[in-house]
Amino acid sequence: MGATDSGVRDNPTGPDQPSEDADASADLSTAPKSDLPGTTVGLGFTGWARWMWRQLTSMRTALLLLFLLAIGSIPGSILPQKSVQPGEVTRYLADNPGLGQFFDSIGFFNVFSAPWYVAIYLLLLISLVGCIIPRTRLHWKAMRSTPPKAPSRLSRLAESSSWEAGSTAPAPQDVLTDAAGELKGKRWRVHVTDFDGTTGAVSAEKGYLRETGNLIFHVALLVLLVAVALGGMFGWRGQALVIEGESFSDTITQYDSFNAGRLVDSGNLPPFSFTLDEFTATYQEDGDQRGAPRTFEADLTYQDDPDAIPSQKTVQVNDPLIVDGAKAFLVGHGYAPVIEVKDPQGRVVYDAPTVFLQTDQNFTSNGVVKLPDIDPQLGFQALFLPTAAVDEVRGPISTFPALNDPAIFLSAWEGDLGLDDGIPQSVYRMDTSEMTQLGIKAIQVGQSWDLPDGKGSVSLTGVKQYAVFDVAYDPARFYALAGAIFAILGLMLSLFVPRRRVFVRITKRAASQDDAVGSVGATVEVAGLSRTDEAGLKPAVEEISTVVQQIVPPAPKGMSGS
Amino acid sequence: MSVNESLAQLSNGLVYSSMAVYAGSLVLFASSFASSRPLAEAEAATEEVSAEEISIGEASAGDAIAAKNSDAGESRATTATLDRGAGDAGALPPGRKAGNMAMSLMWLATLLLAGGVIARGFSAGRVPWGNMYEFSISSALAVAVVFLIISLKRDIRWLGMFVVGAVLLTLGLAVTILYTDSAQLVPALKSVWLVIHVLAAIICGGAFTIGAGFTVAYLIRDRAETKAAANGTEVRGWFSSRVPAAQRLDTTAYRINAFVFPLWTFAVIAGAIWAENAWGRYWGWDPKETWAFITWVIYAGYLHARATAGWRGRKAAVIGLLGFAAFLVNYFGVNFFASGLHSYAGVN
Ligand code: HEM
């Protein structure tokens, strides 16, 4: 990159080090060097393209994109998201029409798949690839080349020491060879610049694993992102509500909601099925957390395919059913009172466990029964209370989530249910605008209510529970996990392995002719530097000094020239 | 469903006692800080002494800043040594004695708090971080423990006042607003991942907090140093003159954050594995997940910035603080204000 990176180095210890040390710390990191603007003058198209590419893959751009990614995520956590709480989004749009419309148009209700968000992470992905490839090449080269020559002034490195050789010192070349041997024994990579009559040095380097770890980390991030994308394309997810005693089989029609990736063949889901035999819930009975759930258990009988032998499994919140590569998770539950309705002639026109939706912590639940096939049409709005009470202010309300004293408050209506208009209606709501109320009544299990004017009767014959299951299939989740694990391992290497360089130099002082080589008159220097400001460098350099002092002991005090 | 009431009460008693002792420690830390003489010089002095002990001939003043510091400290080196000698004779320098007592009280308070946290766990027969109250007392403990561990290696009494202040604030919030009686877990939390994921997050919280303390101190001290260098004066300022050199603060902050980052990565991944095991998707952009991600990305940005030309020093430090802010949003903001799958923290 020529002149552009002179003086500015991508090295954390950079600004504190005199520029002379640049040689000594050269290539301690493969981080891209910063490009200064102005390098593009008259470069033409390829020049521009190269410049753009270098900008995109620069550390500064990576930093900027990371920032944008963080900031871009914030609306996704503040505003309701269509993928998480679609109902809340609708409510928000209704409450704040103007602002809501605006937010919607810029994808704020669907941040994580909004074009601008996708653009940020795609750019980051490209930047990541563009960063990893050259860095891997550089690192490969660095691992196979020898450590650089010792810089001229070792005393300016982060750690250094020096002493005058004593009279018993061996010949300088032997000192270098021995020092190199010791360093090799300590698993340093070593390069010896032979003694040339005046000076010679050993350069040693250690900690290549740091950069390797860093590259592993970045590659692992890439794997993770690809796995997430694959999971999105080949995975699917659905939600199903199953009442006690009823069965579920894995076909798309049985799901209340179903989301599949683009490449999923929804007509060909794994053919498993299960029956909810029983659902049990227990709750805290006393204290300030009274009513808080303590256990949820769904006893299932399941089959891998219609011909398989049935097996049993108790599914709990953190313990899904794993079948045919898919997983079924217990995510919710509620009550399904069994309601029986008879017409004026005493014939049973409705008899079914009816799903009620929870409205509060104590399972005060709402539900409706619609009877469009009798004339005039009949409908019931109902409130189910597992532990019934009547509050002076709030009216009928449940005071505990378990079935301690169940009751149902019914409101009967007659008229037009509005089902023939072709407008789809929720099964949990009833449009009473074209109906007249016949009366209201509270009944308990086993009781029935004769409607006024002999219009039939309604009874509560029992109460069942239902469980809600999320069924999910993500074929890429193991790749995502592998990416995550390698990311952590790589990160640990990258942050905890010290990358260091040390130099040992012996220099003969200008001396008189009759000095025997290796006797008094030589200076020994030991110095080191590290990739980061790490605490371990000082002891490491001290340790090497001690080792080298055993090879060349310092001259006794008083004789030394310093 | 049974909860051991006497252990639960013991736990409450221990938590309250620890608060009383922390309060004493806070007062002593504050008075120690106020009456201490500039600490950077004392530290530089200690360094000189140890350098001599190792008796490596040439001074290792490698970089310009270290050289500057030791120059400044040199004249006081002898004073510091004298102080030490005098200390043996009983006349400690100003603030020293209060500082030592503050440290002792902090150890005591932290032991009491640890007892309280452990008793709370045993009272319900599970890990003591099943709701916001427990999460808060455990986090306060983590902050104190991280501080004490670092204090074993170096003198960080100057930071004590702020750390104990943060611990007391957290405990105060815990025992007033967040308190809930000891009880069993809700089913959603019954998982080994509660132990692993939340423990990792709590340790990260402790270390991020101390790291942020160093970062704030760095920013303040660095400004004072820059001013001092421009004016050719000594470092001034009630706070700045009593804390170590900016370079050291920055390095320590980096080491702490670099230590926590892989652990935070692990905590997030452990959470993802748990989510996969409980809800069938390892990532769903629920507010808690989103803010964990934001925190992670900002700290990654911090580490990146430290390797990017023109971004080291103050800019990187500000990014680090933004990361900590995101962590706090995740801890407090999301639990109180957002509705999501993670909303079983026991706050009504
Ligand atoms: C997906 C987004 C990315 C994330 C989350 C990320 C995260 C990280 C983290 C946490 C570190 C710290 C490890 C350490 O200090 O040793 C790091 C280091 C590094 N990253 Fe990234 N990174 C991303 C993308 C990139 C890109 C696009 C580049 C290329 C420009 C890049 C280049 C580097 C380099 C060179 C280092 C090592 C710095 C050094 O030598 O200390 N990263 N990255």
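What you see is a predicted model; the values in this text were computed from it and never measured. (Residues numbered from 1 in each chain as written. Chains lettered and ligands numbered in written order. Predicted model: local features only at pLDDT ≥ 70, side-chain atom pairs only at ≥ 80, totals over all residues. Heavy atoms only, no water.)

K.L.:
Would you mind going over the coordination of the iron atom of the ligand with me for this structure?
P.N.:
Ideal donor angles around a metal are set by the shape: a four-donor tetrahedron calls for 109.5 degrees, a six-donor octahedron for 90 or 180 degrees. Protein ligation of the iron atom of the ligand involves His218 of chain A (NE2) and His304 of chain B (NE2), the donor distances falling in the range 1.9 to 2.0 Å. Between the six donor atoms coordinating the iron atom of the ligand, the angles at the centre fall across 84 to 178°, so the site counts as octahedral. Of the two residues, His218 of chain A sits in helix α8 (residues 208-234) while His304 of chain B sits in helix α9 (residues 287-305), which places them in two different chains. According to the relative accessible area criterion, His218 of chain A is buried, its value standing at 8%. (Donors = N, O, S within 2.8 Å, 3.2 Å for Na, K, Ca; no water. Tetrahedral: all angles 85-135°; square planar, octahedral: opposite > 155°, others 65-115°. Helix = DSSP H or I, 4+ residues; strand = E, 2+ residues; numbered from the N terminus. Buried < 20%, exposed > 50% of the residue type's maximum accessible area, 1.4 Å probe, protein only.)

K.L.:
Would you mind going over the environment of Ile210 of chain B with me for this structure?
P.N.:
All names here are of chain B. Following the sequence through the fold, Ile210 ends up in helix α7 (residues 192-231). A residue is classified by how much of its surface remains accessible, and Ile210, at 1% relative accessible area, is buried. In this structure the C-alpha to C-alpha distance between Ile210 and Ser240, which are 30 residues apart in sequence, comes to 18 Å. When sequence neighbours within four positions are dropped, the list of residues in contact with Ile210 reads Val143, Val146, Phe147, Ile150, Leu159, Val163 and Ile256. (Contact = heavy atoms within 4.5 Å.)

K.L.:
Any chance you could explain the packing of aromatic side chains here in plain terms?
P.N.:
Here the distance between the centres and the angle between the planes together describe a pair of aromatic rings. Throughout the structure, instances matching the rule amount to 41 aromatic pairs over all chains. Taking 6.4 Å as the distance between ring centres and 75° as the angle between the ring planes, the aromatic pair formed by Phe356 of chain A and Phe384 of chain A counts as edge-to-face. On the criterion of sequence distance, the pair formed by Phe356 of chain A in the loop between β12 (348-353) and β13 (357-358) and Phe384 of chain A in strand β15 (residues 377-385) is long-range, its members being 28 residues apart. One exposure class covers both Phe356 of chain A and Phe384 of chain A, and it is buried. Grouping aromatic residues by their ring pairs yields a cluster made of Tyr92, Phe102, Phe103, Phe108, Phe109, Phe112, Trp116, Tyr117 and Tyr121 of chain A together with Trp283, Trp285 and Phe293 of chain B. In this structure, Arg189 of chain A packs its charged tip against the face of Tyr208 of chain A, placed 4.5 Å from the ring centre. Across the ring face of Trp311 of chain B, the terminal group of Lys315 of chain B is positioned such that the distance to the ring centre comes to 4.9 Å. (Phe/Tyr/Trp six-rings, centres within 6.5 Å; stacked < 30°, edge-to-face > 60°. Lys NZ or Arg CZ within 6 Å of the ring centre and 35° of its normal.)

K.L.:
For this particular structure, what's the right way to read the interface of chain A and chain B?
P.N.:
Where interface size is quoted, it is often the accessible area lost as the parts come together. Counting from both sides, the interface comprises 71 residues of chain A and, opposite them, 65 residues of chain B. Here chain A meets chain B over a buried area of about 5,600 Å², counting both sides, of which 62% is carbon and sulfur. Inspection of the region where chain A meets chain B yields two salt bridges. Salt-bridge contacts for Lys327 of chain A lead to Glu276 of chain B; the nearest nitrogen and oxygen are separated by 2.8 Å. At the boundary of chain A and chain B, one finds seven residue pairs in polar contact (both at pLDDT 80 or more). Residues of the side of chain A that touches chain B, tallied by class, amount to 36 nonpolar, 16 polar and 19 charged. (Buried area = accessible area lost by both parts, 1.4 Å probe. Salt bridge = Lys/Arg side-chain N within 4 Å of Asp/Glu carboxyl O. Polar contact = N/O pair within 3.5 Å; in protein donor to acceptor, adjacent residues only side chain to side chain. Nonpolar A, V, L, I, M, F, W, Y, C, P; charged D, E, K, R; others polar.)

K.L.:
In this structure, what is going on with the site of the ligand? I would like to understand it.
P.N.:
For the ligand, the set of nearby residues contains 26 residues, the closest of which are Cys131, His218, Ser494 and Arg531 of chain A together with His304 of chain B. Neighbouring residues of the ligand are distributed over chains A and B. Asn214 of chain A is positioned such that a nitrogen or oxygen atom in its side chain is 3.4 Å from an oxygen atom of the ligand. Side-chain polar atom of His218 of chain A to a nitrogen atom of the ligand: 2.8 Å apart, as the coordinates give it. Residue assignment for the shell around the ligand shows that the elements contributing at least two residues are α3 (59-78), α6 (115-144), α8 and α9 (477-496) of chain A together with α9 of chain B. In terms of residue count, the dominant contributor to the shell around the ligand is α6 of chain A (five residues). Among the residues making up the shell around the ligand, the classes are represented as 16 nonpolar, eight polar and two charged. (Near = heavy atom within 4 Å.)

K.L.:
Honestly, the packing of helix α4 (residues 96-124) of chain B against helix α6 (residues 157-176) of chain B in this entry has me stumped. Any pointers?
P.N.:
To characterise two packed helices, one gives the angle between the axes of the helices and the distance between these axes. All names here are of chain B. Axis separation between α4 and α6 bottoms out at 11 Å; the angle between their running directions is 35°. Along this stretch, α4 crosses α6, giving a crossing that reads as left-handed. Taking contact as the criterion, the partners of Arg96, Gly99, Asn100, Met103, Met106 and Leu113 in α4 are, on α6, Arg157, Val163, Val164 and Leu171. Considering only residue class, the contact of α4 with α6 consists of six nonpolar, two polar and two charged. (Axes fitted to C-alpha atoms, helices over the stretch in contact; angles between N-to-C directions. Left-handed = near helix turned anticlockwise from the far one by under 90°.)

K.L.:
Looking at this model, I keep getting lost on the sheet that holds strand β5 (residues 247-249) of chain A. Mind explaining?
P.N.:
Where strands meet in a sheet, backbone hydrogen bonds hold them as pairs that are either parallel or antiparallel. Residues and elements named next belong to chain A. The strand order β5-β7-β8-β9 describes an open sheet built from four strands, whose pairing is antiparallel. The sheet is open, and its two edges are formed by β5 and β9 (311-315), each paired on a single side. If you compare each strand with its neighbour and ignore which way they point, the axes differ by 30° on average. Where strand β8 (residues 293-303) lies against β9, five bridges are found, and the strand directions are antiparallel. Across the sheet, the residue bridging to Leu300 is Lys313, located in β9. (Pairing = 2+ DSSP bridges.)

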